[in-house]
Amino acid sequence: MAARMTNPAKVLPDTVTAVQGLFKAIYQGGVPKTTLDLVHLRASQINGCGYCVDSGVTHAQQTGETVDRLLRVAAWRESDLFTDAERAALALTEAATRMADQTEPVSDAVWDEAADHFDEKGLSALVLMIATTNFFNRINVTVKQPAGEQF
């Protein structure tokens, strides 16, 4: 599979600088890197972004995530491999990614569960990671960015 065009982030390189600033802020929110990696992977799975699923799995493994957990992210509700905090982050990810599928996209119950595990900085980091991942997913799916390819 070939991309429809050069990735827009490469065509307009100031995009990369802006996104790097977002990631710097996200990683200062106090949320464990492993949780942020799971959030990125789950949103990318939902959006069908092969490039981000591939790169997300590769990156998470490089930072110590186990294959067992990565294989079970899509079925996290049925797995005992995730902490309560990770479950809350994954539920928030699903709600915020599937906004058009619900009349109340991010319910108070989902939000309150996340707020039980993360402070305002952590919630900010999660919301920004979810939004940034969805941003990348929409770009990559639109241009058909091939999985495993560097851009």
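Scroll up for the structure.
We now turn to the structure provided with this report. (Residues numbered from 1 in each chain as written. Predicted model: local features only at pLDDT ≥ 70, side-chain atom pairs only at ≥ 80, totals over all residues. Heavy atoms only, no water.)

Applying the stated criterion to the full structure yields seven salt bridges. Across the pair Glu-94 and Arg-98 runs a salt bridge whose closest N-O atoms are separated by 3.9 Å. By relative accessible area, Glu-94 is classed as buried at 6%. The exposure class assigned to Arg-98 is partly exposed, which follows from its relative accessible area of 31%. Overlapping salt bridges, with partners in common, bring together Arg-42, Arg-77, Glu-94 and Arg-98 in one network. (Salt bridge = Lys/Arg side-chain N within 4 Å of Asp/Glu carboxyl O. Buried < 20%, exposed > 50% of the residue type's maximum accessible area, 1.4 Å probe, protein only.)

In contact at an axis separation of 9 Å, helix α6 (residues 84-97) and helix α7 (residues 108-117) are set at 145 degrees when each is read in the N-to-C sense. Seen from above, α6 lies across α7 with left-handed handedness. On the side of α6, the interface is formed by Asp-84, Ala-85, Ala-88, Ala-91, Leu-92 and Ala-95, while α7 contributes Val-110, Trp-111, Glu-113, Ala-114 and His-117. Residue composition of the contact of α6 with α7, by class: eight nonpolar, one polar and two charged. (Axes fitted to C-alpha atoms, helices over the stretch in contact; angles between N-to-C directions. Helix = DSSP H or I, 4+ residues; strand = E, 2+ residues; numbered from the N terminus. Left-handed = near helix turned anticlockwise from the far one by under 90°. Contact = heavy atoms within 4.5 Å. Nonpolar A, V, L, I, M, F, W, Y, C, P; charged D, E, K, R; others polar.)

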